[in-house]
Amino acid sequence: MNERFVRFRTSDIPEIRYGCLENDRITALTAAPWLGGQPTSSGVPLSHATLCAPVEPSKIVCIGLNYHAHVAASFSADKPPDYPLIFLKPPSSIIDPNDQIIHPPQSERVDYEAELGVVIGRRAKNVSETDAEQYIFGFTCVNDVTARDLQKKDGQWSRAKGFDTFCPIGPWIVTDLNWRDVLVEGILNGAVMQSGRTSRMIFNIPYLISYISSAMTLMPGDIISTGTPSGIAPMKSGDVIEVRVEGIGTLANSMA
Ligand code: MG
């Protein structure tokens, strides 16, 4: 069964709660659904809620250079990687749907990267590729915002990928997705700039879960952001950037 889960607040209850979204109505849960959260008697129409990033991960594990066409256009590689290139974004970089991305003064160029995000549902350590799907809770949209000039300058990516506001996530989680072949799009001010299918990933999701969990324990609610298709470009003040994943929905943010 495909379910949709959110984190939300309302004007009368400012506390952020997890919820299940069905027919444009949110039913509040007692806890995160991957921690056994149960429905409460409290609910609200979606239109009366403010959606928050749907996860509170201990870490955001990102994959670089995971689409063939993006590698071809990249400054940092001239052939597909032999193994997944992984890096971390700090949880402090997360912002909610419709929040603003802040352009840091240290950077001349801040790019969007539309990506499919995997939400981990169970503690995962040394998981085999065969078993990996059992550790997936669901899927959401991620924007792996990147200070491209600092990524080149620093030689490693923590600062360039880790600024506050550089990780919009949302608007919700879906539990059922044909992840092997969905369309991932980056849309800048209404123009489709990125359009790639997950079937063009170099390393697929079970392989990534197995590979990452052989190095670090994945916790319930952690995010794996699976890489971006070709078509990245910089954003400027006032731009609206949308990450749209087929079967999930659209995550929209603007540049302050
Ligand atoms: Mg990326």
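Residues numbered from 1 in each chain as written. Predicted model: local features only at pLDDT ≥ 70, side-chain atom pairs only at ≥ 80, totals over all residues. Heavy atoms only, no water.

### Things to note about the domain arrangement of the protein chain
For the protein chain, the assigned domains are domain 1 (4-52) and domain 2 (60-255). In this structure, domain 1 and domain 2 have C-alpha centres spaced 25 Å apart. At the junction of the two partners, domain 1 supplies nine residues and domain 2 supplies 13 residues. Summing both sides of the interface, domain 1 and domain 2 together bury roughly 970 Å²; the carbon and sulfur share of this comes to 69%. The interface formed by domain 1 and domain 2 contains zero salt bridges. At the boundary of domain 1 and domain 2, one finds one residue pair in polar contact (both at pLDDT 80 or more). Counting only elements with at least two residues in the side of domain 1 that touches domain 2, the list comes to β1 (4-10) and β5 (49-52). Ranked by the residues each element gives to the side of domain 1 that touches domain 2, the list is headed by β1, at three residues. Among the residues making up the side of domain 1 that touches domain 2, the classes are represented as eight nonpolar, no polar and one charged. (Domains from an automatic or database assignment. Contact = heavy atoms within 4.5 Å. Buried area = accessible area lost by both parts, 1.4 Å probe. Salt bridge = Lys/Arg side-chain N within 4 Å of Asp/Glu carboxyl O. Polar contact = N/O pair within 3.5 Å; in protein donor to acceptor, adjacent residues only side chain to side chain. Helix = DSSP H or I, 4+ residues; strand = E, 2+ residues; numbered from the N terminus. Nonpolar A, V, L, I, M, F, W, Y, C, P; charged D, E, K, R; others polar.)

### Observations regarding the packing of aromatic side chains
Across all of its chains, the model carries seven aromatic pairs by this definition. Aromatic pair Phe 163 and Phe 166: ring centres 5.2 Å apart, planes at 55°, arrangement tilted. With a relative accessible area of 0%, Phe 166 lands in the buried category. By way of ring pairs, the aromatic residues Phe 5, Tyr 18, Trp 34 and Phe 137 are connected into one cluster. Over the face of the ring belonging to Trp 172 we find Arg 4, whose NZ or CZ atom lies 4.6 Å from the ring centre. Positioned over the ring face of Tyr 135 is Arg 122, at 4.3 Å from the centre of the ring. (Phe/Tyr/Trp six-rings, centres within 6.5 Å; stacked < 30°, edge-to-face > 60°. Buried < 20%, exposed > 50% of the residue type's maximum accessible area, 1.4 Å probe, protein only. Lys NZ or Arg CZ within 6 Å of the ring centre and 35° of its normal.)

### Observations regarding the sheet that holds strand β16 (residues 191-197)
The five strands lie next to each other as β9-β19-β18-β15-β16, forming an open sheet whose pairing is mixed. Pairing within the sheet leaves two strands with one partner each, and these edge strands are β9 (100-101) and β16. (Pairing = 2+ DSSP bridges.)

### Side note on the layout of surface pockets
In this model, the largest pocket occupies a volume close to 220 Å³. Along the walls of the largest pocket sit 23 residues, with His 70, Phe 75, Arg 148, Gln 151 and Ile 232 positioned nearest its centre. Taken together, the elements giving at least two residues each to the lining of the largest pocket come down to β6 (60-64) and α2 (148-154). For the lining of the largest pocket, the element with the most residues is α2, which contributes four residues. In terms of residue class, the lining of the largest pocket is built from seven nonpolar, seven polar and nine charged. (1 Å grid on protein atoms, 1.4 Å probe; cavity = no way out; pocket = protein on both sides within 12 Å on 5 of 7 lines; lining within 4 Å. Points joined across faces, edges and corners; volume = space filled by probe spheres on them.)

### Some remarks on unusual backbone geometry
Geometrically, the link from Gly 170 to Pro 171 is a cis peptide bond, its omega value of 0° lying close to zero. Its location among the elements puts Pro 171 in strand β14 (residues 167-174). With a phi close to 60°, Asp 24 is a non-glycine residue in the positive phi region. With a relative accessible area of 51%, Asp 24 lands in the exposed category.

### Let's talk about helix α4 (residues 205-213)
Along α4, seven of the nine residues are buried, which leaves the element largely enclosed by surrounding structure. Within α4, burial applies to Ile 205, Pro 206, Leu 208, Ile 209, Ser 210, Ile 212 and Ser 213. Tucked inside the fold, the buried residues of α4 contact β6, β7 (85-89), β11 (114-120), β12 (136-143) and β17 (223-225). Where α4 begins, the side chain of Asn 204 points an oxygen toward the backbone nitrogen of Tyr 207, at a separation of 3.0 Å.

### Overview of the nonpolar core
One finds Leu 116, Phe 139, Ile 205 and Ile 248 to be the most contacted residues of the largest nonpolar core, which totals 40 residues. Mapped onto the domain boundaries, this core takes at least three residues apiece from domain 1 (4-52) and domain 2 (60-255). Within the second largest apolar cluster, 20 residues are counted, among which are Phe 5, Cys 20, Cys 167 and Ile 169. (Core = buried A, V, L, I, M, F, W, Y, C linked by side-chain atoms within 4.5 Å.)

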